[in-house]
Amino acid sequence: MQYFKEIDVENFDTIVTKTLNYVYEKTDLTTNIPSVEWHEIPLQDFLDNVPELKTSFKKFNLVPNLIGLVIIYQPNQNKIHRDSYWHSARINFPILNCERTFTEFYSGVKFEKTFVIPYNGLSTFKIINSEQDFVFEDRVELKKATVMRVHEAHKVVMPDSNPLPRISLSVGFNIDPVFLLD
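Everything in this summary refers to the structure shown in the same document. It should be emphasised that the depicted structure is a prediction, and the values quoted were computed from it without experimental measurement. (Residues numbered from 1 in each chain as written. Predicted model: local features only at pLDDT ≥ 70, side-chain atom pairs only at ≥ 80, totals over all residues. Heavy atoms only, no water.)

Points about the pattern of salt bridges
- Counted according to the given criterion, the structure contains 6 salt bridges.
- A salt bridge links Arg90 to Asp83; the shortest N-O distance between them is 2.5 Å.
- By relative accessible area, Asp83 is classed as buried at 12%.
- For Lys143, the salt bridge is made with Glu141, and the minimal N-O distance between the two is 3.8 Å. (Salt bridge = Lys/Arg side-chain N within 4 Å of Asp/Glu carboxyl O. Buried < 20%, exposed > 50% of the residue type's maximum accessible area, 1.4 Å probe, protein only.)

Dropping the structure here:
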């Protein structure tokens, strides 16, 4: 199985720069440190500030419909998980301090649905088997726009000495971008 694929995206540098500006100017996520990594961002507000994100995916017939920031504040904060999301893939961008950090993918991880979120119908999951069953499959250093299978077991791994916070942008679309992995 192909877990990820780097892709070329028009206006990549502009998207990264404007996203970082958005984080600093429109949120308090780097000063008011929350206990979670995932931060959903208001779609239209983000697209108004980073309009290149919308136009850069026209060649793929993809329209952004979900914007999330994944912000890791401590090296061992992120654990193996699968994302609650309608589609099996999203496209992630490195925004800040992603160098020498990796998203690792695993097989053999069994999940059980624990809760359905009432306002959007998405489910949360917990791992129900032992780490001894997990098999490391692959990893990617987030250096450019990357399609990732978010329903597969994964986690972010970073060295203790890495600058913090580590920020990535995760974009969902009107259709599943998993077709870009083929």
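Let's talk about the sheet that holds strand 3 (residues 64–72)
- Taken in spatial order, the 6 strands make up an open sheet running 1-9-4-11-3-2, and their pairing is antiparallel. If you trace the sheet from one side to the other, it starts and ends with strand 1 (4–6) and strand 2 (38–41), each paired once. Strand-to-strand, the axes of this sheet are offset by a mean angle of 25°, without reference to chain direction.
- Across 3 bridges, strand 1 lies against strand 9 (residues 146–149) in antiparallel orientation. When the bridges of strand 9 are listed, Lys5 appears paired with Val147.
- Relative to the sheet, helix 1 (residues 12–26) contacts strand 2, strand 3, strand 4 (89–96) and strand 11 (166–173), its axis offset from that of strand 4 by approximately 70°. (Pairing = 2+ DSSP bridges. Helix = DSSP H or I, 4+ residues; strand = E, 2+ residues; numbered from the N terminus. Axes fitted to C-alpha atoms, helices over the stretch in contact; angles between N-to-C directions. Contact = heavy atoms within 4.5 Å.)

Description of the nonpolar core
- Counting 35 residues, the largest nonpolar core has Ile7, Leu53, Phe57, Ile91, Phe93 and Leu169 as the members making the most contacts within it.
- Ranked by the residues each element gives to this core, the list is headed by helix 1, at 6 residues.
- If we ignore the near neighbours within four places in the chain, the residues touching Leu53 are Ile15, Phe46, Leu47, Pro64, Ile67, Phe93 and Val171.
- By size, the runner-up hydrophobic cluster in this structure holds 7 residues, among which are Tyr3, Phe105, Leu142 and Met148. (Core = buried A, V, L, I, M, F, W, Y, C linked by side-chain atoms within 4.5 Å.)

Brief notes about the sheet that holds strand 5 (residues 102–107)
- Taking strand neighbours across the sheet as the criterion, the 3 strands line up as 8-5-10 in an open arrangement whose pairing is antiparallel. Lying at the two open borders of the sheet, with one neighbouring strand each, are strand 8 (135–141) and strand 10 (153–157). For this sheet, the mean angle separating the axes of adjacent strands, direction not counted, is 25°.
- Bridging between strand 5 and strand 8 involves 6 bridges; their strand directions are antiparallel. Bridged to Tyr106 within strand 8 is Phe136.

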